[in-house]
Amino acid sequence: MPGPRTGPLTIGERLELRRRQRDLSRRALAEQVGRSEEWLRLVESGYKPLDSIAVIFRLAEALHIEDMGELIALPPQLAPASVEAGDNLAESLKHSIIGHSPIRGHGHTGAATESIRDLTERLHRCQRIWEHSPTRYTELAESLPPVVTDARLLYSLSPDDEAGEILLLSYHLSRRFLTRVGSHHLAFTAADRATMVAEQRQNPWQLAACAWHTGNGMLGLSQARECYDYAMAAAQRLTEAADSVDKTVLVGALRLLAAKGAAAAGNIAESDRLTVAATHEANRFDRDHAVYGIPFGPTESLIARLEIMLWGGHCDQAAELAAHQHVPDAHPVGGRMRFHLAGAYACARRNDYAGASSALGKAVDVCPEDFRYGSGTQSTLQYLIKQDNRLIRPELHELARVAGLR
C-alpha cells in the first residue's frame, strides 16, 4: 500500500473496500477473475496497475460495480478538479510564490536592511502559528502570503545572506502548508524556489534542508523512487562535513525521508535498513532538535516509523506501535496530528473502526481545522464514513460536522 493518501482513494483501495463489503477473501475474488491471490494483493497495495480491460470487466461483475470508472485510473490532467476547502487556502499563496511582485523593486533606492528585523519577526510569528496554533490553517493563509511577497522583494533589492535565509524559510513554510492542504504541485514549486536561493548562497546546510523539502514535494507527487534517490544523494553530500548536531539532524531526517520513498517504491528491505539506522541515531538524543525547521529526534523518529510502516503496507504493526506510544503535548501540532492520523489510518485498514474513530477524536482535539483543510485527514475520515459502521456512527457524525462534510 502506498501509504496514507492525501487525496481520493486509490484504485487498489477502492477495490479492497468493495471486496470487503462483499465479504470476499482475496483468494475467492482472484479465482473469479482468473488471477492469483498474490496478483490481487499487489493490485490492492498499489504495486501493480489494473491494465487489462477484460480483468476490469470481470472484477466489476464479481463485485457488483455498476460504474467501471471506479476501477480505471484517469491521467492526472483528466482527473476532476478538487473541491476541497483547502484549495481556497492554497490560492492565497499562489500569487505570492509564482507572481512577479519583485519586479516592483527594480529602480528602488534606499537601504532595505531596515525592514529585515520586522520581516524576520513576522516570519517567526508565522512559524509559531504553524507549530502551535489549533487554527493554524486560517491564520497562516492570512499572514504568510504577504511575508513571502515581501521576502521576495527584499531579496531582489538586497540579495545578501540575511535576506536569502528569510526567503528560503518562507518558501519552506509554504511547502509544509501546501502539502497539508493537498496542493502538491505548488508545494513542489515552493521547494524548488527555495533550492534556487540556496544554490545562489552555496550554503551546504541550507542545500540539505532544501533537499528535504524537495524530497517531500516529490513524495506528494507520487515520485517515490525520485524521492529516495534525491534524499540519499543529499545525505551523502553531508557525510564529509565535520560531526555536529546539525549534521546528525539533517542526515537523519533525510534518511527517514529516503526510507519513506523506498517503502513507497516497494523496496522494503532498503526502507527497513534506513529506518533502523536513523532510529538508532535519533535515540541518541534526549529530545528532538531542529535545523532550519526540520525536526529529528526520538519523537520525530517514532512518527516517521509509523508513516513508513503504512507506506510499506504494515498496518497491523503500525496500529500496535501507535497504541503503545505517546507523543508529548508540547510537541508541535503538525507532529501530533501525523501521529494520530497514522494510528487512525492503520486501525481503519485493519477494520478496527473503533480504534480509528478514537484516534481521529484525539486528532480533532489537537487541531480541529485539520479536519476541514487537511487533505489526508479528510481522506481517512471519508474512508471510515463509507464503512457505515453503526457502532461508531455518532462519533463519525460529529467528526464529519467538524470537517464540513455534514
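See the structure above.
Residues numbered from 1 in each chain as written. Predicted model: local features only at pLDDT ≥ 70, side-chain atom pairs only at ≥ 80, totals over all residues. Heavy atoms only, no water.

(A) Quick look at the overall build of the chain. Of the regular secondary structure elements, the chain holds 20 helices and 2 strands. Of all 406 residues assigned to the chain, the portion counted as buried reaches 52%. At a minimum sequence separation of 6, the contacts of the chain that also span at least 24 residues come to 67%. (Helix = DSSP H or I, 4+ residues; strand = E, 2+ residues; numbered from the N terminus. Buried < 20%, exposed > 50% of the residue type's maximum accessible area, 1.4 Å probe, protein only. Contact = heavy atoms within 4.5 Å.)

(B) View of the pattern of salt bridges. For the coordinates displayed, the defined rule picks out 22 salt bridges. Taking the shortest distance from any N to any O, the salt bridge between Arg 20 and Glu 16 comes out at 2.9 Å. Taken as a pair, Arg 20 and Glu 16 lie in helix α1 (residues 11–21) at a separation of 4 residues, close to a single helical turn. The partly exposed category is assigned to Arg 20, whose relative accessible area is 35%. The exposure class assigned to Glu 16 is buried, which follows from its relative accessible area of 6%. The partner of Lys 247 in a salt bridge is Asp 243, with the nearest N and O atoms 3.1 Å apart. (Salt bridge = Lys/Arg side-chain N within 4 Å of Asp/Glu carboxyl O.)

(C) Region of interest: the packing of α1 against helix α3 (residues 37–45). The N-to-C vectors of α1 and α3 enclose an angle of 120 degrees; their axes lie 6 Å apart at closest approach. The orientation of α1 relative to α3 falls into the category oblique. From α1, Gly 12, Glu 13, Leu 15, Glu 16 and Arg 19 reach across to α3, where they touch Leu 40, Val 43 and Glu 44. Considering only residue class, the contact of α1 with α3 consists of 3 nonpolar, 1 polar and 4 charged. (Axes fitted to C-alpha atoms, helices over the stretch in contact; angles between N-to-C directions. Parallel < 35°, antiparallel > 145°, perpendicular 65-115°, else oblique. Nonpolar A, V, L, I, M, F, W, Y, C, P; charged D, E, K, R; others polar.)

(D) The arrangement of the nonpolar core in detail. Ranked by size, the top nonpolar core spans 76 residues in total, and within it Phe 177 and Phe 371 carry the most contacts. Per-element tally for this core: the top contributor is helix α16 (residues 333–349), with 10 residues. Excluding residues that lie within four positions of it along the chain, Phe 177 makes contacts with Leu 89, Leu 93, Trp 130, Tyr 137, Leu 140 and Ala 141. In terms of nonpolar packing, the next biggest core, distinct from the first, is built from 35 residues, Leu 219, Ala 235, Leu 257 and Phe 285 among them. (Core = buried A, V, L, I, M, F, W, Y, C linked by side-chain atoms within 4.5 Å.)

(E) Structural view of the environment of Ile 11. Counting through the fold element by element, Ile 11 comes out in helix α1. A relative accessible area of 16% places Ile 11 in the buried class. As a C-alpha pair, Ile 11 and Val 43 span 32 residues in sequence and 8.2 Å in three-dimensional space.

Just distances and angles here, no functional claims.
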